[in-house]
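Structural description and commentary
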Amino acid sequence: MKRAPQASSDGEEKPKLAEARMINVFATVKEKSSGKLVKDLTQDDFALDEEGKPQTIKFFEAQTAGPLSLGMLVDTSFQQSRSLADIRTNGTKFIDQVLRDQDKGFVIHFDKDIELLQDFTNSHDKLGRAMDLLQPAQPQQQQTQQQGGNYPGGGYPGGGYPGGGYPGGGRRYPQQGGGYRRGVAKIDDAILLASDELMSKQQGQKAIILFGDGVDSGSKTTLFEALTAAQKADTTIHTVLIADDAAGGYGSPGYGGMGRRGGRMPMPGGSEGPDGKKILQQIAEETGGSFSSVGSFHHLDKVFAELQDELRSQYNIGYIPDPLSEVGLFRHIHLTAKLKKKDLVVQVRSGYYVR
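These numbers were taken from a predicted model, which means no experiment stands behind them.

Quick look at the packing of helix α1 (residues 84-98) against helix α8 (residues 300-311)
Relative to each other, α1 and α8 sit at 25°, their axes nearing to 10 Å. Overall, the two elements α1 and α8 adopt an arrangement that is roughly parallel. At the point where α1 passes α8, the crossing takes the right-handed sense. Packed against α1, whose contacting residues are D86, I87, N90, G91, F94, Q97 and V98, the element α8 presents L300, D301, F304, L307, Q308 and L311 at the interface.

Examining the packing of aromatic side chains
If you walk through the whole model with that rule in mind, you get seven aromatic pairs. Taken together, a centroid distance of 5.0 Å and an interplanar angle of 35° make the contact between F94 and F304 tilted. Here F304 lies in helix α8 and F94 lies in helix α1, a separation of 210 residues in the sequence. For the pair formed by F94 and F304, the shared burial category is buried. A centroid spacing of 5.0 Å and a plane angle of 85° characterise the contact between F106 and F120, whose relative ring orientation is edge-to-face. In this pair, F106 is assigned in strand β8 (residues 104-110) and F120 in strand β9 (residues 114-121), connecting sequence segments 14 residues apart. We note that F106, like F120, is buried. Site record: aromatic cluster; members linked through ring pairs are F46, F60 and Y315. A cation sits over an aromatic face here: K104 above F120, 5.4 Å from the ring centre.

Quick look at the pairing of strand β11 (residues 236-242)
Most of β11 sits out of view: seven of its seven residues are buried. Burial along β11 is two-sided: the face carrying T236, H238, V240 and I242 and the face carrying I237, T239 and L241 are both buried. Where strand β10 (residues 205-212) meets β11, six bridges bridge the pair, whose relative direction is parallel. For I209, the partnering residue across the bridge sits in β11 and is H238. In this view, the connection linking β10 to its parallel neighbour β11 by way of helix α5 (residues 223-232) has right-handed handedness. Bridge analysis of β11 against strand β12 (residues 291-294) gives four bridges, and the strand direction is parallel. Looking across to β12, one finds that I242 is bridged to V294.

Quick look at the sheet that holds β11
On the basis of which strands lie adjacent, the open sheet formed by six strands has the order β9-β8-β7-β10-β11-β12 and mixed pairing. If you trace the sheet from one side to the other, it starts and ends with β9 and β12, each paired once. Adjacent strand axes in the sheet meet at a mean angle of 15°, parallel and antiparallel pairs treated alike. The sheet contact formed by strand β7 (residues 68-75) and β10 spans seven bridges and is parallel. In the strand pairing of β10, L68 is matched with Q205. Of the strands in this sheet, β7, β10 and β11 are in contact with α1, which crosses β7 at around 180°.

Calculation criteria
- Along every chain, residues carry numbers that run from 1 in the direction the sequence is written.
- Local features in this predicted model are restricted to residues of pLDDT 70 or higher, and side-chain atom pairs are both shown and tallied only at a pLDDT of 80 or more, whereas totals for entire chains, interfaces and linings draw on every residue.
- Note: side-chain values were computed over all heavy atoms of the structure, leaving out hydrogens and water.
- For helices, the fitted axis covers only the stretch in contact; all axes are lines through C-alpha atoms, and the angles between them, taken along N-to-C directions, range from 0 to 180 degrees.
- Helix and strand assignments follow DSSP, with helices taken as H or I runs no shorter than four residues and strands as E runs no shorter than two, numbered in order from the N terminus.
- Each angle receives one of four descriptions, namely roughly parallel if under 35 degrees, roughly antiparallel if over 145, roughly perpendicular if within 65 to 115, and oblique otherwise.
- By the definition used in this description, the sense in which the near helix is turned from the far one sets the handedness, with an anticlockwise turn below a right angle giving left-handed and a clockwise turn giving right-handed.
- Two residues qualify as a contact provided that any one of their heavy atoms is within 4.5 Å of a heavy atom in the partner residue.
- Pairing of aromatic side chains here covers Phe, Tyr and the six-membered ring of Trp, requires ring centres within 6.5 Å, and sorts the geometry by plane angle: under 30 degrees stacked, over 60 edge-to-face, intermediate tilted.
- In this scheme, a residue with accessible area under 20% of its type's maximum is buried, one over 50% is exposed, and one in between is partly exposed, where area comes from a 1.4 Å probe on protein chains only.
- A ring is scored as having a charge over it whenever the NZ atom of a lysine or the CZ atom of an arginine sits within 6 Å of its centre and within 35 degrees of its normal.
- Any two strands between which DSSP finds at least two bridges are classified as paired.
- Call a crossover right-handed when, viewed with both strands pointing away from you, the route from the first strand across the helix to the second goes clockwise.

Without other data, these values stay purely geometric and don't point to any function.
The structure is reproduced here in structure tokens:
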């Protein structure tokens, strides 16, 4: 929460400065050449700076053991049709394996609507039932012809959040337009909602796993606003690029997809659309998460195994910055790790918002 500026003796308002508090960053370290996780580093192996100023590490924990808040954020638009069965099966196994008694998770799907299928819970059964509810939206052409561009009741059957749409707001994003083969996928809105309404209220290690092709359509939120919400909620986002050939997504011959030709997906009128892979990589990089791509040689079960190992192999590093920053400002952090004879890559969020 942003505090009101204080007035000086001469009547001018001065910005509110932050009080001293520990900043915690969760970091993953990998060998650059092999991508193998490095799990045996000590506090002395790390160097940390904020806005170029070296910081003293006050807290260090290897192999993160604290409670985990985990969110599953799944694109259920038409172009993801063939991937959803695999996500349901392997995602449920992943939840059973990674979540301990002190951990909790939630499940959100997004297409033309955003729906909370299961709020935070430590019940594996409830989370598994929520994963079973992941179903593909109809193609926009069919929606327009059969249902006027929406489901009965203004969205997916089940109503989403209490009151529909966002918690307390009763809002639900209606479908925009129609007739184009590609389904609506409101990625940015979904990230904002998950971060602002759910993760911001949690403490400790927080991670979202985002599945989709990275192409947003229909969001009222910008990518910058979505990433800002994730940063303010101290949430890491791991992204998984899934390209569904059958539904006309990436990798489809008809769309010149990334999976086979490395190009971008054409949009109506012949113009090039956004590069979903680069967007998912940006989301992961700026929040300190990993990026994975599901394909012929890298299946989803392997991706889940890698994510499970990564979530349990993070370093929790804490420091107390100089309390001279204005509340609301973004502060850049830079964390490096060194190990003799090895070139290491550190995954860590790009910074934090002062509060």
